Structures are given as C-alpha cells and as structure tokens.
Amino acid sequence: MTTPTTTGPLADTTLLRFATAGSVDDGKSTLVGRLLHDSKSVLTDQLEAVTHASRNRGQDTPDLALLTDGLRAEREQGITIDVAYRYFATPRRRFILADTPGHVQYTRNMVTGASTAELAIILVDARNGVVEQTLRHAAVTALLRVPHVVLAVNKMDLVGYEEREFERIVEEFAGHAAASGLPGFTPIPVSALVGDNVVQRSTRMDWYRGPALLDFLERVPAGVEAADAPARFPVQYVIRHGDARYYAGQLASGTLRVGDRVTVHPSGATSEITGIDALGTPVQAAYAPQSVSVRLADQRDVARGDLITSGVDVPALTQEVRAAVCHLTDRPLRVGDRVLVRHTTRTVQAVVKDLGGAAELTANDLGRIALRTAEPLALDDYAVSRRTGAFLLIDPADGTTLTAGMVAL
C-alpha cells in the first residue's frame, strides 16, 4: 500500500491517462461525474441536459452519473456498458479519462480502457467491501501493468465516515493486491454523491491525512515508463524527398539522438541517425511519445513495420510468441486457428499453437496463448514496455479484432 501525499513537485508531464473500474453500483459513473462537475469541466448545456433527464426520472438534484453514461441503453438501465472517454483539464494537468464497465461480461471493455492508462482507479462500495469483481479488476490492472493504482473506497457517507470501515477494506484489498501482482496502491476514502475527497478535502473525515482524489491525480508521476524504457521506434511511413529518405512514426519509448548508432529489426541492419525532424523542425533528440521523422546515414532497406532501436538493449527476435491474453470478441479462439498478429506497425501471419490447456477462449476470457508466426517479430516483454510488448490478434477473413495479448518472454 502507498501512503498518499501532497508533498513534492508536480510531475513534468502535463497529460495523464487514467481509467476507472469497479463493480456494479459501486458509484463509478457518479464519481466521474462529480470529478468533472466539481473541477468545472462540464459545459452549461451538458449540465442542463443532465438536470432535465434527472427530473424526468423523478430526481430533485442532477444525477451526475448521466454525464458519463452516454449510451441510451446505459441511461435506461443505470449501468455503464461501453468505455466512455472524457477529456478535461485543470491549471496543473490535462487528463484523458476512460470510464470502464463494471459487469463481468464487459471485462474486455475494461481491458481496452486500461491498456493505455498510467493510473487506474478501482472503486469499492464501503458497505460491501471487496467483492469478486474488485478482485477481477485488480487482476486485470496487474496484468496490464498499470503503473499507479488508487483504491477509492466510495459511499463513506453510508457508513458514517467511520475510519475503521475504511481501514478494514484497505487491509482486505491489500492481501488480494499482493496476490494479484499489484506492486502497490493508494487508498482514498470518498463520497462521490456528496463530494467528499473527490475535488475538495472532506471536513467529515478528519482522521484522513491524505489528498483529495483530484489533487493526487494532478501530482502522480506520468510518462516515466516511456521515458525510462529502451528506445523503440516503429516505422509507420517512409517519406522520400529528393534523394533523402525519412522514416516517420511515433517513438514508443526511450530517447533517440542525432549521432546514435541504431539497429533496424527484423533485418539486423545497422546505421547512424543523421537527422531528426519534429513538426518539420530539425531537433537533436526525440523523446517518447513524440511523433518524428528520422534520417539514417545509409540507404538501408527500411519499410513500414520495421523497428528502429538504439543501444545494446535490443528486443528479442522470435517466431515463437507466448503471452497473457484477453479475448475480445464473441467468436471463439481455438488451437489451429490462423490469425494475423499486429505488433506496433507490423502485421504478420500466425497459427495458434496452444491456449494454456483450454479448449477455446470466448469473450472476456483471460488466458495464456502460444503462437507461431510466419515471420520474426521484434518483441519486448510486456513488463519492460507496454507498447512493444503488446499485440492484437486479427481475423484475416474480415479484419475483426479477436484478442489482446501481453508478451511474456
């Protein structure tokens, strides 16, 4: 467990991607709505629409959950089905928020929302404590290697704001978090309905010394993983300008500098960076996740799907892929299926060799998989890089995304 604190400098990165998860009726959509409302990130017409919809349902005050329950089916049922993305900002930081569903049949949606998140908020109803879906969300968060986790113990107003209820839930979650592989988490007691410890510190829980949720979100380090990881540059486009060739793409991790010796995968060819352009301007260095174009000293055969790396820490070049997966579609995945593997900007054919002993994987299943690819892939372990350690399986017949995979070398 991590003790929350408000001391220390703000993170250098101004953008934080975070996701919410929680069991049904834990108050997830209300928490997100409260966060948006109290941070003054809701437009007047949006609030008026929510107020009108709430009155039609016989409610005297605006139901802030409706700010994120965007689908008609969600509004009618009072649940979250799809991943709802919201963009907002404070003077300290910009945010991309993914509000993910709580039902077990929408686990795949949570995987989608949390796959790019740097922080996950796992909600627990203070009255119910840790439930089965809490454990599932903790396991998915650990599987996806989300760097930071907040345990938001919600509805503290319904348990009298009692410290012992909060501590009981934190202790119970801590045991399961360790078993799931979560390296740590930050517990915060909140009441989304009333607004306690969401944007403003609560005056009803003087026993709690930590920050409000928004304060923590503004101060948690972001972008550290991408900056510290080895340099990985998937080539997306090859641009010819006169006699020069520019290799364009988004730097997935690490840093590239003019003068760096680099290796092109899977060919293994080596060269030197002679120039880097960012938004048409020459620069001496590029940092993840910048989109840039790179020029090399040699006229190498570099194409879309190749991976440029620098330094001695190079990815594994292999045709045997083993990974943890979440199956995303209603179409089952079986041993012997022929699929396409999309890894960064590269797509290759493959055959499913093993499913960890399972006969098949169906929608929302978490499992293990072994693949044999037709061409080598330059892979990192997902624990090292979430970008170059992840892939998708695609149906070659119609392009349907089948499975999300996390490489385990």
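Note that this is a predicted model, so its numbers are computed, not measured.

Colleague: Could you clarify how one ought to interpret the side chain of T255 in this entry?
Modeller: Positionally, T255 belongs in strand β10 (residues 255–257). The residues touching T255, leaving out its near neighbours within four places in the chain, are A231, D260, A285, A286, Y287 and S310.

Colleague: Where do I start with helix α6 (residues 163–180) in this structure?
Modeller: Each α-helix turn comprises 3.6 residues. Residues three or four places apart therefore point the same way. Compared with an ideal rise of 1.5 Å per residue, which puts 18 residues at 26 Å, α6 spans 26 Å between its outermost C-alpha atoms and is within 8% of the ideal. Looking only at α6, the buried set comprises F166, I169, V170, F173 and A177. An end-on view of α6 places all buried positions within 105 degrees of arc, on one side of the element. Along α6, the residues that are exposed and aim more than 90 degrees away from the buried face are R164, E171, A178 and A179.

Colleague: Any chance you could explain the pairing of strand β8 (residues 237–241) here in plain terms?
Modeller: The side chains of a regular strand alternate between the sheet's two faces. Taking burial as the measure, the five residues of β8 include zero buried ones, a minor fraction of the element. Strand direction decides the pairing type here: β8 and strand β9 (residues 244–250), joined by five bridges, are antiparallel. When the sheet's bridge partners are listed, Y237 is paired in β9 with A248. A loop of two residues connects β8 with β9, the two strands running antiparallel in sequence, and G242 in this loop sits at a positive phi of about 65 degrees.

Colleague: Is there a simple way to explain the nonpolar core in this structure?
Modeller: Buried together is how nonpolar side chains tend to be arranged in soluble globular proteins. Grouped together as the largest cluster of nonpolar side chains are 47 residues, with contacts concentrated most on F18, L35, I121, M156, F173 and L217. Every element with two or more residues in this core is listed here: β1 (15–22), α1 (28–38), β3 (94–99), β4 (119–125), α5 (132–143), β5 (148–154), α6 and α7 (213–219). For I121, the contacting residues outside a window of four places in its chain are F18, A19, T20, A21, L31, V150, A152, L213 and L217. A323, V325, L361 and I369 belong to the second-largest nonpolar core, a separate cluster that totals 19 residues.

Colleague: Explain the sheet that holds strand β23 (residues 390–394) to me, please; I cannot follow it from the model alone.
Modeller: Whenever strands of a sheet pair, they do so through backbone hydrogen bonds, lying parallel or antiparallel. Reading around the circumference, β17-β22-β20-β19-β23-β24 is the order of the six strands in this closed barrel, with antiparallel pairing throughout. Pairwise comparison of adjacent strand axes, ignoring direction, gives a mean angle of 40 degrees for this sheet. As paired elements, strand β17 (residues 316–327) and strand β22 (residues 366–379) share 10 bridges and run antiparallel to each other. Following the sheet pairing, L317 is matched in β22 by A378.

Colleague: Looking at this model, I keep getting lost on the packing of aromatic side chains. Mind explaining?
Modeller: Ring pairs (aromatic) are described by centroid distance and by the angle formed between their planes. Tallied over the entire structure, the rule returns five aromatic pairs. Aromatic pair F173 and F185: ring centres 4.9 Å apart, planes at 85 degrees, arrangement edge-to-face. One end of the pair, F173, is in helix α6; the other, F185, is in the loop between α6 and β6 (186–189), with 12 residues separating them in the sequence. Judged on exposure class, the residue F173 and its partner F185 are both buried.

Colleague: I tried to follow the pattern of salt bridges on my own but got confused; where do I start?
Modeller: If the charged atoms of two oppositely charged side chains come close together, the side chains can form a pair. Inspection of the entire model under this criterion finds 20 salt bridges. Between D215 and R92 there is a salt bridge, with its nearest N and O atoms 3.1 Å apart. A residue pair is termed long-range when its members are at least 10 positions apart, and D215 in helix α7 and R92 in the loop between β2 (84–89) and β3 qualify at 123 residues. Here R92 falls in the partly exposed class, since its relative accessible area comes to 37%. The network of salt bridges with common partners includes R92, D215, E218 and R219.

Parameters and conventions
- Residues numbered from 1 in each chain as written.
- Predicted model: local features only at pLDDT ≥ 70, side-chain atom pairs only at ≥ 80, totals over all residues.
- Heavy atoms only, no water.
- Helix = DSSP H or I, 4+ residues; strand = E, 2+ residues; numbered from the N terminus.
- Contact = heavy atoms within 4.5 Å.
- Expected span 1.5 Å × (residues − 1).
- Buried < 20%, exposed > 50% of the residue type's maximum accessible area, 1.4 Å probe, protein only.
- Arc of directions from axis to C-beta.
- Pairing = 2+ DSSP bridges.
- Core = buried A, V, L, I, M, F, W, Y, C linked by side-chain atoms within 4.5 Å.
- Axes fitted to C-alpha atoms, helices over the stretch in contact; angles between N-to-C directions.
- Phe/Tyr/Trp six-rings, centres within 6.5 Å; stacked < 30°, edge-to-face > 60°.
- Salt bridge = Lys/Arg side-chain N within 4 Å of Asp/Glu carboxyl O.

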